[in-house]
Amino acid sequence: RRVLFRSDADYTSSAGEEWYNTFGIYANPLGLIDRKPYNGHLIVGADLWPNAIDSIIDKPPDALITTSNSFNAGTSTLTTVISTKFKTLLSGSFTLNACITEDSLISDQKNSDTSAGTVPVIYNYVFMDVLRGAINGNWGEVLTATVDTSLIYKKTYVFPLSASWVPKHCSVVSFVYNTSTKEIIQVEKTLVIPTKK
């Protein structure tokens, strides 16, 4: 695990900032569950995340995503092949968005909850699933305007990783969403460098 004892860490990204503003997030921790309303609210507080997720976790998926990654350490370049197969004949246009996240980043974290750690700062906090950026643009690219359940939609991207990122802690997070409503129908997370069995 890498150690970065920093109090000035900046984990913002262009994609994260654009989504944050587009969906009207006004404080943290708040979030969206599949970008669709839960109990009548699109923006959901952290205390409701478990219930919101429990309400959908066992539903059969409308699509399956398979991601295959290869990483060239010499050039620090990722090649990712993302395949999507729709299981349900959904109507509308659908977009694929592919992103990079990184785990095990250590820096200071503001805190107001004594049960979580020291107040007002937790030193050497371990940040997980930090969004580093989008591989195919902040809003991705249209996968299909008309779903065909007999097809496998395949996209290949070549993406240079920043020198400040640790490849073994990075993952490709790919998700498919309805282009018009922005509702996410499936997500897949795959390590940039698969762990050896």
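Before any of the text, the structure's been laid out above.
Residues numbered from 1 in each chain as written. Predicted model: local features only at pLDDT ≥ 70, side-chain atom pairs only at ≥ 80, totals over all residues. Heavy atoms only, no water.

Considerations on the side chain of Thr144
And then number 1: Summarising the element assignment, Thr144 is placed in strand β9 (residues 141-144).
And then number 2: What makes Thr144 buried here is its relative accessible area of 9%.
And then number 3: For Thr144, the residues in contact, after removing those within four places along its chain, are Phe86, Gly92, Ser93, Phe94 and Tyr153. (Helix = DSSP H or I, 4+ residues; strand = E, 2+ residues; numbered from the N terminus. Buried < 20%, exposed > 50% of the residue type's maximum accessible area, 1.4 Å probe, protein only. Contact = heavy atoms within 4.5 Å.)

Structural notes on the environment of Ala163
And then number 1: With respect to the helices, strands and loops of the structure, Ala163 is situated in the loop between β10 (153-160) and β11 (170-178).
And then number 2: Distance from Ala163 to Ile53, taken between C-alpha atoms, is 35 Å for residues 110 residues apart in sequence.

Concerning a nonpolar patch on the surface
And then number 1: Side chains of Trp49, Ile53 and Ile57 sit close together on the surface and give an oily, nonpolar patch of about 270 Å² of accessible area.
And then number 2: Of the residues examined, Ile53 reaches a relative accessible area of 38% and is grouped as partly exposed. (Patch = residues over 30% accessible without salt bridge, like charges linked within 9 Å, V, L, I, M, F, W, Y side chains within 5 Å. Areas by Shrake-Rupley, 256 points an atom, 1.4 Å probe, with all protein chains shown as cover. Salt bridge = Lys/Arg side-chain N within 4 Å of Asp/Glu carboxyl O.)

Let's talk about the packing of aromatic side chains
And then number 1: What the rule picks out here adds up to 8 aromatic pairs.
And then number 2: An angle of 20° between the planes, with centres 6.5 Å apart, marks the rings of Phe159 and Trp165 as stacked.
And then number 3: The class for Trp165 is buried, based on a relative accessible area of 13%.
And then number 4: It is Arg35 that lies over the ring of Trp19; its NZ or CZ is 5.6 Å from the centre.
And then number 5: In this structure, Arg35 is placed above the aromatic ring of Tyr177, and the distance from its NZ or CZ to the ring centre is 5.0 Å. (Phe/Tyr/Trp six-rings, centres within 6.5 Å; stacked < 30°, edge-to-face > 60°. Lys NZ or Arg CZ within 6 Å of the ring centre and 35° of its normal.)

So, the sheet that holds β10
And then number 1: Strands sit in the order β3-β4-β10 across an open sheet of 3 strands; the sheet is antiparallel. Strands with a single pairing partner mark the edges of an open sheet, and in this sheet they are β3 (63-72) and β10. Direction aside, the axes of adjacent strands within the sheet are offset by 15° on average. (Pairing = 2+ DSSP bridges. Axes fitted to C-alpha atoms, helices over the stretch in contact; angles between N-to-C directions.)

Topic: the environment of Glu18
And then number 1: With respect to the element layout, Glu18 can be found in helix α1 (residues 14-22).
And then number 2: Other than its neighbours up to four places away in sequence, Glu18 contacts Asn138 and Trp139.

These results come straight from atomic positions and should not be treated as a statement about function.
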